Amino acid sequence: MSWKTSRNVTYSNGEIIQSVCILCKCSTNHKILTSVNVKTHSDYEDVSGYVDVFHEWAEHQVIECLGCSKVSFREEITSSDGIIEMPEINLYPNPSQRYPLRDISLIPRDDIKNIYSETLKAINNDQLILAGIGIRIILEAIMQEQQINGDNLAQKINNLVKQGIVTKKDADILDKIRRIGNNSAHSIRAYSSEEIKVAIDVIEHLFERIYIIPHRIANNVAFQIEKPL
């Protein structure tokens, strides 16, 4: 039995293609800055004389969005053992991954920011049980930072309403988030990717409501209250 493999490498650039942009959040025109094309042909022959043929076409590209100039990496790989298959396309960074809020530095405690960062990593890696637990911990950490009293997280959420930090409608949503975290931790339940993404949307809305928007208002001249004459 033996393998016989041959490879052909070519280089190109300048072509315009369609690809999803991580900043534009949609498919845009991209210019290929440089591209390495590798074609592999392999023949395998066993002792009976049977020959198996394998082909692979791989194109590795550095591309630039013509809308925002973001540079990223794209690879397109097609393999076949006789029947042509649809190519597998991978983009780096992954345009579907979740990124931190722009003003996350305004959160006063590093532990909250660290838990939030680790939870986003879990979401981006489809570690949905860990993400659910992380969301629950973030909610608890916010209560600690805001010095909200209560025997348990459910009571603390209700006390957010009493202190005027959130509305009753907001509290009902936060209670659902609490249940996601509890079920992830105690029942080892993996919620769907969409459910987890909605949950982190709610957490980020809470960040904006408690920390980010008040900071922007306090530092915006248009919102400064003039002293009476």
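Note that the structure is predicted; figures quoted are calculated from it, not measured.

**Student:** Which residues make up the packing of aromatic side chains, and what values go with them?
**Tutor:** All told, the structure shown has 3 aromatic pairs when counted by the stated rule. Relative to Phe 207, the ring of Tyr 116 has its centre 5.2 Å away and its plane inclined at 90°; by these criteria the two rings are edge-to-face. Of this pair, Tyr 116 sits in helix α1 (residues 110-124) while Phe 207 sits in helix α5 (residues 193-218); the two residues are 91 residues apart in sequence, bridging distant segments of the chain. With relative accessibility at 1%, the residue Tyr 116 sits in the buried group. Taking 6.4 Å as the distance between ring centres and 50° as the angle between the ring planes, the aromatic pair formed by Phe 207 and Tyr 211 counts as tilted. Of this pair, Phe 207 and Tyr 211 both sit in helix α5, 4 residues apart, which is roughly one turn of that helix. Like Tyr 211, Phe 207 is buried. Among the aromatic side chains, those forming a connected cluster through ring pairs are Tyr 116, Phe 207 and Tyr 211.

**Student:** Quick one: what's the story with the packing of helix α3 (residues 153-162) against helix α4 (residues 168-186), residue by residue and with numbers?
**Tutor:** For the pair α3 and α4, the least separation of the axes is 9 Å and the interaxial angle reads 160°. Accordingly, the angle class assigned to the pair α3 and α4 is roughly antiparallel. Of the two elements, α3 crosses α4, and the hand of that crossing is right-handed. Contacts between α3 and α4 involve Leu 153, Ala 154, Ile 157, Leu 160 and Val 161 from the former and Lys 168, Ala 171, Leu 174, Asp 175 and Arg 178 from the latter. Here the contact of α3 with α4 is composed, by residue class, of 7 nonpolar, no polar and 3 charged.

**Student:** Give me the pattern of salt bridges: which residues, what numbers.
**Tutor:** For side chains of opposite charge, pairing can occur when their charged atoms come near one another. Inspection of the entire model under this criterion finds 13 salt bridges. Here Asp 111 makes a salt bridge to Arg 109, at a shortest N to O gap of 2.6 Å. Of the charged contacts in the structure, one is a salt bridge between Arg 209 and Asp 170, with a shortest N-O distance of 3.6 Å. Here Arg 209, found in helix α5, pairs with Asp 170, found in helix α4; they are 39 residues apart in sequence, far enough to count as distant. Arg 209 sits in the partly exposed class, given a relative accessible area of 33%. For Asp 170, a relative accessible area of 17% gives the class buried. Three or more residues are tied together by salt bridges with common partners; here these are Arg 98, Asp 201 and Glu 204.

Conventions adopted
Residues numbered from 1 in each chain as written. Predicted model: local features only at pLDDT ≥ 70, side-chain atom pairs only at ≥ 80, totals over all residues. Heavy atoms only, no water. Phe/Tyr/Trp six-rings, centres within 6.5 Å; stacked < 30°, edge-to-face > 60°. Helix = DSSP H or I, 4+ residues; strand = E, 2+ residues; numbered from the N terminus. Buried < 20%, exposed > 50% of the residue type's maximum accessible area, 1.4 Å probe, protein only. Axes fitted to C-alpha atoms, helices over the stretch in contact; angles between N-to-C directions. Parallel < 35°, antiparallel > 145°, perpendicular 65-115°, else oblique. Left-handed = near helix turned anticlockwise from the far one by under 90°. Contact = heavy atoms within 4.5 Å. Nonpolar A, V, L, I, M, F, W, Y, C, P; charged D, E, K, R; others polar. Salt bridge = Lys/Arg side-chain N within 4 Å of Asp/Glu carboxyl O.

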